Each structure stands twice: as structure tokens, then as C-alpha cells.
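This is what each chain is made of:
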Amino acid sequence: MNNIATQTTFSTAGMTKKLSLAATFFVALVVSSSSFAYQFDVDAQGEQAIKEHHQLMDQHMASAEQEYSAELNQEFDKQLETAESKFLDQKCEQRGMDFDSQSEVCEG
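Residues numbered from 1 in each chain as written. Predicted model: local features only at pLDDT ≥ 70, side-chain atom pairs only at ≥ 80, totals over all residues. Heavy atoms only, no water.

Some words on the confidence of the model for the chain
For the chain, mean pLDDT is 79; residues scoring 70 or higher make up 73% of the total. Ranking the elements of the chain by mean pLDDT puts helix α1 (residues 2-37) last with 62 and helix α2 (residues 44-94) first with 91. (pLDDT = per-residue confidence, 0-100. Helix = DSSP H or I, 4+ residues; strand = E, 2+ residues; numbered from the N terminus.)

This is the structure:
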């Protein structure tokens with residue numbers, strides 16, 4: 001059981017690192033683009049274009065975060081299901097029985 005929990009922890013930690021890296025990259029991109037744009041004289045039309053650009057980036061960021069979060073949840077659910085099945089297999093085996101995945105009970 002500890003081995004399964006450890007593997008899940010390492011996998012979740014790896015995904016968290018990837019998420020924080022992606023977020024850092026996007027924040028740096030937004031900050032650099034906004035500071036770069038304001039180094040020049042920008043008229044009203046340019047300011048509007050910059051605002052629209054920022055809104056688009058915000059929408060894309062939100063969409064990317066939702067997709068990534070959904071992927072993380074799916075991966076976590078798979079890992080949890082696999083760990084649970086393995087645990088129940090081991091417990092049934094210790095009692096001299098077989099685990100039936102459809103009924104989710106030990107038989108034998």
C-alpha cells in the first residue's frame with residue numbers, strides 16, 4: 001500500500017511542477033508583452049488593440065488551465081482506481097480468495 005501511495009504522490013508532485021511551470025511561463029509572457037507595448041507611444045486605437053489582446057490571452061489561459069485541470073483529474077482518478085484494485089487484489093489473496101472486479105467483492 002505504501003508503494004502505491006508513494007507512486008501516486010510522486011506522480012501528483014510531477015504534475016504540480018508542470019502546472020506551476022506552465023503558469024510561470026504564461027505570467028512572464030503576459031508581463032513582458034504588456035511592458036514591451038507601453039515602451040512606445042500608443043494611440044487610443046493601439047490601446048484598444050492591447051486590451052483586446054490581453055482579453056484573448058486571459059481567455060486562452062483560462063481554457064488551458066481548465067483543460068490541464070481536467071487532465072490532472074482524469075490521471076488521478078485512473079491512478080486511484082488502479083491502486084484500489086491492486087490493494088483489494090492483495091487483501092483477497094491474503095485471505096485465499098480472488099477479487100471480482102465487477103461485483104467488487106472477494107470470492108472463493
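Some thoughts on the state of the cysteines
All told, the structure shown has 1 disulfide when counted by the stated rule. The residue that forms a disulfide with Cys 92 is Cys 106, at a sulfur-sulfur distance of 1.8 Å. Disulfide Cys 92 to Cys 106: torsion about the S-S bond roughly -80 degrees, handedness left-handed. Linking Cys 92 in helix α2 with Cys 106 in strand β2 (residues 105-107), this pair joins segments that are 14 residues apart in sequence. (Disulfide = S-S within 2.5 Å.)

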